[in-house]
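Reading the structure
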Amino acid sequence: MKKSLLTLFLTLTVTMTLYASDVILSNTLGAYYCAQEPNPKTYIKHTVEEPISIYWEDNVYPGFDEADSKLMVANYLDGVHLQTMALNTPDGKVKVYSYSNLTQSYSDLVQEGYAATKEAQEKRVIFDKARNHKNFEDYPPDFKEISKAWAQADNKRESLTKQIESAKAQLTLVITQTTREQMPLINYTVKTDEVHLSDLARKVLYSDKVKITDNRTKEVIAYNRRIMQLYSASLMPDVAMGNRYYYPVPICGVTTPSRFDENIFQYIGRSGKYLPGKHTIDDNVKLYIKHNKKDSK
């Protein structure tokens, strides 16, 4: 009995020591990588309201499969602010998406939805500021009017969003398969890549980067690089979910790269409606699956 308890104690001690060393190592290496150039890890030079055309190249998944492509078209390709969308695919090709039978009435409806979105967002900022008090008695005397104005603006935005989606369903989607070298000129490229760390760092960290380039001027208008602790090397192991590759709060960089470019292209898509992301499988889960398959071989 005593021998069994001693074995258990030694096993737990060794496990905790190894775990603690990984936590220390991940924090030390994380601080080191976060201090390297480019620094800061995230910057936005300017935003774009009407990009017209965007090429998304995601090399982490890699590429957009059929389900992801449908999600992207539904969420972002409105035919007005974003008229052409290009996506890299898992087979190394590029697919280009556009609509062939756009009408002026549809364009006017999208522009109306665009304006309604801006108004709703502005009124939401005023509403949030007005209710940012611990006690209700500290709210401004016209809080009810502010709240009503935001609700009306948001209801209008939501109504127009539904009308746009209904009208969009009547459009003809044109899909062309090509290559990166032969695809038509696209105004902007959003490129996501995994950052290759040292062999030691890869045991405790994950890193990726998103770079947004204006292809007409070759200027990088936005950049984000994340340094993430693996769950196996964090103080909060993923016991509850059990299918996450890295701890969701980055050591540095923007938390979710799939939403980073939405900060730059602010009004493409469903008139400001919340978008579920660019892939049907979250990147954290995707990497967990990828690395578990690799480890099981």
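Above this text sits the structure in question.
Now for a description of the structure that goes with this document. (Residues numbered from 1 in each chain as written. Predicted model: local features only at pLDDT ≥ 70, side-chain atom pairs only at ≥ 80, totals over all residues. Heavy atoms only, no water.)

Re the state of the cysteines
As enumerated under the stated definition, the model contains one disulfide in all. Linked covalently through their sulfurs, C34 and C252 form a disulfide whose S-S length is 2.1 Å. Its S-S torsion of approximately -95 degrees makes the covalent link between C34 and C252 left-handed. A residue pair is termed long-range when its members are at least 10 positions apart, and C34 in helix α1 (residues 2-34) and C252 in the loop between β8 (219-229) and α6 (257-260) qualify at 218 residues. Each of the two residues, C34 as well as C252, counts as buried. (Disulfide = S-S within 2.5 Å. Helix = DSSP H or I, 4+ residues; strand = E, 2+ residues; numbered from the N terminus. Buried < 20%, exposed > 50% of the residue type's maximum accessible area, 1.4 Å probe, protein only.)

Notes on the packing of aromatic side chains
Applying the stated criterion across every chain, the model contains 12 aromatic pairs. With 5.6 Å between their ring centres and 25 degrees between their planes, F127 and F143 make a pair best called stacked. Of this pair, F127 sits in helix α3 (residues 104-130) while F143 is found in helix α4 (residues 143-168), placing the two residues 16 residues apart along the sequence. A relative accessible area of 13% means that F143 is categorised as buried. On the numbers, 6.4 Å between centres and 90 degrees between planes, the contact of F136 with F143 is edge-to-face. Among the aromatic side chains, those forming a connected cluster through ring pairs are F127, F136, Y139, F143 and W150. (Phe/Tyr/Trp six-rings, centres within 6.5 Å; stacked < 30°, edge-to-face > 60°.)

Digging into the packing of α3 against α4
For the pair α3 and α4, the least separation of the axes is 8 Å and the interaxial angle reads 155 degrees. By the angle class used here, α3 and α4 are roughly antiparallel. Classified by chirality, the crossing of α4 by α3 is left-handed. Its residues placed into classes, the contact of α3 with α4 shows 16 nonpolar, four polar and eight charged. (Axes fitted to C-alpha atoms, helices over the stretch in contact; angles between N-to-C directions. Parallel < 35°, antiparallel > 145°, perpendicular 65-115°, else oblique. Left-handed = near helix turned anticlockwise from the far one by under 90°. Nonpolar A, V, L, I, M, F, W, Y, C, P; charged D, E, K, R; others polar.)

Let's talk about the pattern of salt bridges
Per the stated rule, a full pass over the model turns up 17 salt bridges. Several salt bridges converge on common partners, so that one network encompasses R124, D128 and R131. (Salt bridge = Lys/Arg side-chain N within 4 Å of Asp/Glu carboxyl O.)

Describing α3
When the terminal C-alpha atoms of α3 are compared, their 39 Å separation across 27 residues agrees well with the 39 Å that a helix rising 1.5 Å per residue should span. Among the residues making up α3, those that are buried are Y106, S107, L109, V110, G113, Y114, A116, T117, A120, F127 and A130. Where α3 is buried, its residues meet α4. (Expected span 1.5 Å × (residues − 1). Contact = heavy atoms within 4.5 Å.)

Let's talk about the side chain of N215
On the secondary structure map, N215 appears in the loop between β7 (205-214) and β8. Take N215: its relative accessible area is 18%, and that puts it in the buried class. From its side chain, N215 meets the backbone oxygen of I186 in a polar contact 2.7 Å long. Every residue in contact with N215, bar those within four places of it in the chain, is listed here: I186, N187, Y188 and T189. (Polar contact = N/O pair within 3.5 Å; in protein donor to acceptor, adjacent residues only side chain to side chain.)

Regarding the pairing of strand β4 (residues 94-99)
Buried residues dominate β4, accounting for five of its six residues. Pairing of strand β3 (residues 82-88) with β4, which is carried by four bridges, proceeds in the antiparallel orientation. Within the sheet, the bridge partner assigned to L87 lies in β4 and is K95. Where β4 meets strand β5 (residues 173-178), six bridges bridge the pair, whose relative direction is antiparallel. Counted as the bridge partner of S98 is V174 from β5. (Pairing = 2+ DSSP bridges.)

Section: the sheet that holds β4
Spatially, eight strands are ordered β1-β8-β7-β6-β2-β3-β4-β5 in an open sheet, and the strand pairing comes out mixed. Strand pairing shows two members of the sheet lacking a second neighbour, β1 (42-44) and β5, which therefore form its edges. Averaged over neighbouring strand pairs, the angle between their axes works out to 15 degrees when direction is ignored. Relative to β3, strand β2 (residues 52-58) runs parallel, the two sharing five bridges. The residue bridging I52 from the neighbouring strand is L82, located in β3.

Keep in mind these numbers describe shape, not what the thing actually does.
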